[in-house]
Amino acid sequence: MKKTIKFFLFLTLGITIGYLIHLDSGAIRIDYYKTTIITPFWVGMLILVLTFFALHVFLNLIRFSFNIKKIISVERKWRLISKQKKLLEKGLKSLAQGQWSLAENHFNNGIKKNTDPSANYIGLLKATEGQGIEYSEQKLKKLEPNLSQTENLAVSLAQAKLYLLTHQHKKAQALLHECLKICPTNRYTYSLLYEALCKQKKWDDIELLLPKFKKYKALCEKEMLYINEEIAKKTLLLVKNNPQQLQRTWSKLPKDYRLSINTLTFYCQLLSDIKHHNLAKSLITKNLKKSWDPMLLECFAHIAPNNDIEALLLAETWLTNHPDDPDLLSALGILSQKNKMLAKSEQYFKRSQQTNPTRKVLLKLAEVSLLNNKPLEAINYYKKHADQIK
């Protein structure tokens, strides 16, 4: 409706102007020396408008001639960006479809264009990752000189991730430290750095970076718990040969560390190594009342010394509340074996295997069968164990 109204307004205006020109078109007279030019007013205005447009085109041509190199350069750059964009799109589609080599070709061609190759480098590293560890390791060696020239955080992080996948943890660590110089607050950088340090068992470095991991929330709760457990274990190992110092160090650990099953079993194993079996057993018994855990049962069975009938009798009392617990039955099998009750040990292991078949119990059954002079049964258990591995 608005367009129709506008059309009729312009049409009315045009008709009005045409009518006025028809009534009195007016005239323009130009005298120059002995020359006189007389022309209708509308013709003069038309000539003036055409002259303006001609002058405008002429000035643009002059400007174009002076900037022709710059214009051609900009045009070439846009064409390259357009080509790179198309190659990037093709590479991403191939990457999504699992066509690794085709994706790699597209990204390689995109890098050759003289524009920002960051996205293509990231795609290339991802395509390389999909072609296996050996291929990735060889490809990284070829790309290292070019990648070292690109101070781009995203590219460096993708490269570091590929270093980790190819088990080049030292290179990953060095590169990630460089990434922290570029952006010291990046959460993902700290996450990858933790992985690199964890693979190298550099717990001292991890402990130093722990405040940063917490500040930037780089790790999940499970990973933070694992770090705390490893730090606690390292602290306990330093005093493992001094019983009093070991117990004092344990008591000074934070409560969360002492409640951790992994830390507790590790401490009990250290106590067992220095012949403090009773203290270790009492700790496990106390914690089993709070939390019935398979790791505690296994630890109890392993730290008990040979011919410790009290440990066996105590563990058998737990059958009252847990008659069919496969982990308890397995622990009782180990304790019976340590007390040279091979028949009873075999029965416990068989009951555990019937309740929850595992390869570990099959090996124990084979071991007990050999001690009972039953080689055929032992061979049968070893075969079952091998079949489960397949």
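Residues numbered from 1 in each chain as written. Predicted model: local features only at pLDDT ≥ 70, side-chain atom pairs only at ≥ 80, totals over all residues. Heavy atoms only, no water.

S.K.: Lay out the pattern of salt bridges in plain terms, naming residues and giving numbers.
M.R.: Counted by the stated rule, this structure contains 11 salt bridges. Salt-bridge contacts for Lys 161 lead to Glu 195; the nearest nitrogen and oxygen are separated by 3.9 Å. Remark: Glu 195 occurs in helix H9 (residues 187-199) and Lys 161 occurs in helix H7 (residues 153-165); sequence separation between them is 34 residues. For Glu 195, a relative accessible area of 27% translates into the label partly exposed. For Glu 230, the salt bridge identified is with Lys 233, shortest N-O distance 3.7 Å. Of this pair, Glu 230 and Lys 233 are both found in helix H11 (residues 221-237), three residues apart, which corresponds to roughly one turn of the helix. You'll find Glu 230 and Lys 233 in the same group, each marked buried. One connected set of salt bridges, linked through shared partners, spans Asp 204, Glu 207 and Lys 234. (Salt bridge = Lys/Arg side-chain N within 4 Å of Asp/Glu carboxyl O. Helix = DSSP H or I, 4+ residues; strand = E, 2+ residues; numbered from the N terminus. Buried < 20%, exposed > 50% of the residue type's maximum accessible area, 1.4 Å probe, protein only.)

S.K.: Explain the environment of Lys 374 to me, using residue names and the numbers behind them.
M.R.: Here Lys 374 is to be found in the loop between helix H20 (359-371) and helix H21 (375-389). Sequence separation between Lys 374 and Ala 160 is 214 residues; the distance between their C-alpha atoms is 55 Å. In this structure, Lys 374 is in contact with Glu 346 and Ser 369, ignoring residues within four places of it in sequence. (Contact = heavy atoms within 4.5 Å.)

S.K.: Before we move on, can you summarise helix H14 (residues 261-273) with the specific residues and values?
M.R.: Compared with an ideal rise of 1.5 Å per residue, which puts 13 residues at 18 Å, H14 spans 18 Å between its outermost C-alpha atoms and is within 8% of the ideal. Summarising the contacts, the buried residues of H14 are in contact with H11, helix H12 (243-252), helix H13 (255-259), helix H15 (277-290) and helix H16 (294-303). Following H14 by one or two positions, Lys 275 adopts a phi angle in the positive range, close to 70°. (Expected span 1.5 Å × (residues − 1).)

S.K.: I'd like to hear about the nonpolar core, residue by residue, with values.
M.R.: One finds Leu 246, Cys 268, Ile 284 and Leu 335 to be the most contacted residues of the largest nonpolar core, which totals 44 residues. Among all residues touching Cys 268, those that are not within four sequence positions of it are Ala 280, Leu 283, Ile 284, Cys 299 and Ile 303. (Core = buried A, V, L, I, M, F, W, Y, C linked by side-chain atoms within 4.5 Å.)

S.K.: Kindly report on the packing of H14 against H15, identifying the contributing residues and their values.
M.R.: For the pair H14 and H15, interaxial distance at closest approach is 7 Å and the crossing angle is 160°. Taken together, the axis directions place H14 and H15 in an arrangement best described as roughly antiparallel. Helix-helix and strand crossings are classified by hand; for H14 and H15 the assignment is left-handed. In this structure, H14 uses Leu 264, Tyr 267, Cys 268, Leu 271 and Ser 272 to contact H15, whose residues at the interface are His 277, Leu 279, Ala 280, Leu 283, Ile 284 and Asn 287. A class-by-class count of the residues in the contact of H14 with H15 yields eight nonpolar, three polar and no charged. (Axes fitted to C-alpha atoms, helices over the stretch in contact; angles between N-to-C directions. Parallel < 35°, antiparallel > 145°, perpendicular 65-115°, else oblique. Left-handed = near helix turned anticlockwise from the far one by under 90°. Nonpolar A, V, L, I, M, F, W, Y, C, P; charged D, E, K, R; others polar.)

S.K.: Account for the side chain of Asp 308, with residues named and values stated.
M.R.: Mapped onto the secondary structure, Asp 308 falls in the loop between H16 and helix H17 (309-317). If we skip the residues at most four places from it in the chain, Asp 308 touches Lys 281 and Asn 339.

S.K.: Tell me about the packing of aromatic side chains, residues and numbers included.
M.R.: All told, the structure shown has eight aromatic pairs when counted by the stated rule. Arranged with centres 5.8 Å apart and planes meeting at 70°, the rings of Phe 52 and Phe 53 form a pair that is edge-to-face. According to the relative accessible area criterion, Phe 53 is partly exposed, its value standing at 49%. An angle of 10° between the planes, with centres 5.3 Å apart, marks the rings of Tyr 190 and Tyr 216 as stacked. One end of the pair, Tyr 190, is in helix H9; the other, Tyr 216, is in the loop between helix H10 (203-215) and H11, and 26 residues separate them in sequence. One aromatic cluster is present, built from ring pairs that chain together Tyr 190, Tyr 194, Phe 213 and Tyr 216. (Phe/Tyr/Trp six-rings, centres within 6.5 Å; stacked < 30°, edge-to-face > 60°.)

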